[in-house]
Amino acid sequence: MTHIAVLGSTNMDLVAFVAKAPQRGETVTGREFRTIPGGKGANQAIAAARAGATVSMIGAVGNDAAGTRLRETLEHSGVDTDFLRTVEGPSGTAHIVVDDEGGNSIVVVPGANGTVDHLSPGDEGLIASADTLLLQLEIPLAAVVAGAAAAHRHGVRTILTPSPVQPLPPELLAATDLLVPNQYEAITLTGRTDPREAATALLELVPRAVVTLGATGCLYVSRDAEPLVVPAPRVEAVDTTGAGDTFTGALAVALAEEKPVREALSWAAAAASLSVERAGASASMPYRPEIDARFTA
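Definitions and cut-offs
- Here, residues in each chain are numbered from 1, in the same order as that chain's written sequence.
- Reporting of local features is limited, given that this is a predicted model, to residues whose pLDDT is at least 70; pairs of side-chain atoms are given and counted only at 80 or more, and all residues count toward the totals for whole chains, interfaces and linings.
- Excluded from the side-chain calculations are hydrogens and water; all other atoms, namely the structure's heavy atoms, are used.
- Any residue with an atom within 4 Å of a point lines the site, the site being either a cavity, points on a 1 Å grid over the protein atoms alone where a 1.4 Å probe fits but cannot get out, or a pocket, an open set with protein on both sides within 12 Å along at least 5 of 7 lines.
- Grid points are joined across faces, edges and corners, and a volume is the space filled by probe spheres set on the points.
- Helical segments are the DSSP runs of H or I of at least four residues, strand segments are the runs of E of at least two, and each set is numbered from the N terminus.
- Asp, Glu, Lys and Arg are counted as charged, while Ala, Val, Leu, Ile, Met, Phe, Trp, Tyr, Cys and Pro are counted as nonpolar; the rest, among them Gly, fall into the polar class.
- The cut-offs for exposure are 20% and 50% of the maximum accessible area for each residue type, with area from a 1.4 Å probe on protein chains only; residues under the lower value are buried, those over the upper are exposed, and the others partly exposed.
- Throughout, a contact is declared for two residues whenever any of their heavy atoms are within 4.5 Å.
- Expected helix span is computed as 1.5 Å times (number of residues minus one).
- For this analysis, a nonpolar core means a set of buried residues of the types Ala, Val, Leu, Ile, Met, Phe, Trp, Tyr and Cys, connected via side-chain atoms within 4.5 Å.
- Salt-bridge detection follows one rule: a side-chain nitrogen of Lys or Arg within 4 Å of a carboxyl oxygen of Asp or Glu.
- Centres within 6.5 Å are what make two rings of Phe, Tyr or Trp a pair, Trp counting through its six-membered ring; a difference in plane orientation under 30 degrees is then read as stacked, over 60 as edge-to-face, and the rest as tilted.
- Here, over-ring charges are defined by two tests on the NZ atom of lysine or the CZ atom of arginine: distance to the ring centre within 6 Å, and angle to the ring normal within 35 degrees.
- Between any two strands, pairing holds if DSSP finds at least two bridges.
- Every axis corresponds to a line fitted to the C-alpha atoms, with the helix fit spanning only the stretch in contact, and the corresponding angles, defined between N-to-C directions, vary from 0 to 180 degrees.

Colleague: Explain the layout of surface pockets to me, using residue names and the numbers behind them.
Modeller: Put simply, the largest pocket is a space of about 1,200 Å³. As for the largest pocket, its lining consists of 47 residues, of which Asn104, Asn182, Thr240, Ala243 and Gly244 are closest to the centre. Mapped onto the lining of the largest pocket, the elements with two or more residues apiece are β2 (11-17), α1 (40-50), β6 (92-98), β7 (104-109), α6 (183-190), β12 (217-222), α8 (243-256) and α9 (261-275). By residue number, the principal contributor to the lining of the largest pocket is α8, which donates five residues. Looking at side-chain class alone, the lining of the largest pocket contains 21 nonpolar, 19 polar and seven charged residues.

Here is the structure:
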């Protein structure tokens, strides 16, 4: 089995379901509230584990009930948590509003994730043992840079999700093999309003990129290959929270297994399409037999 390390966040998602998201100054009535384990790091770890990889999580949770539940959720999905630290204080939280069209808006409060500002003893060794390192930007940037640099030193593929989007330092870009932004993030990073132009402009920063386009699919660009547009399966979305993380986790598995790029992208799109048909982030992520069945359908 391929081994994927994830350096990133764990959050408890506090999710309110509403017919229409409130505007500034507006109060609306929700129909349901759920607490669901999430965080972009944990989500990608769970997605990759359910897609068939051996996965190790590097990060931190608080010494609260949420931290206990977050750790248990990872372990239940088969993610190794030996490098997931427990620190004093609250775990991270994400406050999410999901509307009837499946769209969402999110406010993240870092909590314990804010303590992950460097690599701890043993982290680099774990990264060196992996085939791929998955990174996001919900922990301090210093740790993301350190993790990417460690992976680069040891010849480990680095896949970076630039979310929440922010300026990316040159040393991080230099150590990134594949950048996976959504359409908004790609436009923000490049200043180009057309997704294809934005994707092409990303090649000035990194050697390869995949821009996810929601229900439309994704666009892959590389410095040494022609662009690829891969459609997504047509489904009725219930909740898009975590769909991008499902896509990235599954894509990491497919690439580590040396699937051809187009096949890897289609397989990851199949995984993401399954996730949007269910509520929640980590709770919605499919297992490998489900992905294989949708991919071959």
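Colleague: Account for unusual backbone geometry, with residues named and values stated.
Modeller: Of all residues except glycine, most have a negative phi; of all peptide bonds, most are trans. A cis geometry characterises the amide bond from serine 163 onward to proline 164, with omega recorded as 0 degrees. With respect to the secondary-structure elements, proline 164 resides in the loop between β9 (157-160) and α5 (170-174).

Colleague: Got a sec to walk through the environment of leucine 265? Specific residues and values, please.
Modeller: Relative to the helices and strands, leucine 265 resides in helix α9. Overall, the relative accessible area of 1% leaves leucine 265 in the buried class. Taking C-alpha positions, leucine 265 is 6.8 Å from valine 230, a pair spaced 35 residues apart along the chain. Not counting chain neighbours up to four residues away, the residues in contact with leucine 265 comprise Val210, Cys218, Tyr220, Leu228, Val230, Phe247 and Leu251.

Colleague: Which residues make up helix α4 (residues 141-153), and what are the values?
Modeller: Structurally, the α-helix is built with 3.6 residues per turn, so residues lying three or four positions apart point the same way. For α4, which comprises 13 residues, the first-to-last C-alpha distance of 18 Å matches the rise-based estimate of 18 Å (1.5 Å per residue) to within 8%. Three or more residues of α4 are buried, namely Ala143, Val144, Val145, Gly147, Ala148, Ala150 and Ala151. One or two positions beyond α4, positive phi appears at glycine 155, with a value near 70 degrees.

Colleague: Describe in detail empty space enclosed by the protein, supporting the description with residues and values.
Modeller: A full pass over the atoms with the stated rule returns one cavity of 30 Å³ or more. Among the elements of the structure, β3 (32-38), α1 and α2 (65-76) are those that each provide at least two residues to the lining of the largest cavity. When residues of the lining of the largest cavity are assigned to their parent elements, the largest contribution, three residues, is made by α1.

Colleague: Can you break down the nonpolar core residue by residue, with the values?
Modeller: Among the nonpolar cores identified, the biggest contains 46 residues, and Ile4, Val55, Val210, Phe247, Leu251 and Leu265 are the most heavily contacted of them. Looking at which element gives the most residues to this core, the answer is α9, with nine residues. Residues within four places of valine 210 in sequence aside, it is in contact with Leu178, Leu179, Val180, Pro181, Cys218, Leu219, Tyr220, Phe247, Leu251 and Leu265. Ranked by size, the runner-up nonpolar core spans 38 residues in total, among them Val87, Ile127, Ala130 and Val221.

Colleague: Mind laying out the pattern of salt bridges, listing which residues take part and the relevant values?
Modeller: Opposite charge on two side chains permits them to pair, given that their charged atoms come into close proximity. In this structure the tally under the stated criterion is 10 salt bridges. One salt bridge in this structure joins arginine 85 and aspartate 123, with 3.7 Å as the shortest N-O distance. Highlighted residues: arginine 85 in strand β5 (residues 79-87) and aspartate 123 in helix α3 (residues 123-129), separated in sequence by 38 residues. Through salt bridges that share partners, Glu257, Lys259, Arg288 and Asp292 make up one connected network.

Colleague: Please provide a residue-by-residue account of the packing of aromatic side chains, values included.
Modeller: To describe a pair of aromatic rings, you give the distance between the ring centres and the angle between the ring planes. Considering all chains together, one arrives at zero aromatic pairs under this definition. Across from the ring centre of tryptophan 267, 4.9 Å away, lies the NZ or CZ of lysine 259, which sits over that ring.

Colleague: Requested: an account of the sheet that holds β3, with residues and values cited.
Modeller: Sheet architecture is open: four strands sit in the order β3-β2-β6-β7, paired in mixed fashion. Two strands in the sheet have a free side with no partner beyond their single neighbour: β3 and β7. On average, adjacent strands in this sheet sit at an angle of 20 degrees to one another, irrespective of strand direction. Pairing geometry for β2 and β3, over seven bridges, is antiparallel. Note that in β3 the partner of phenylalanine 17 across the bridge is glutamate 32.

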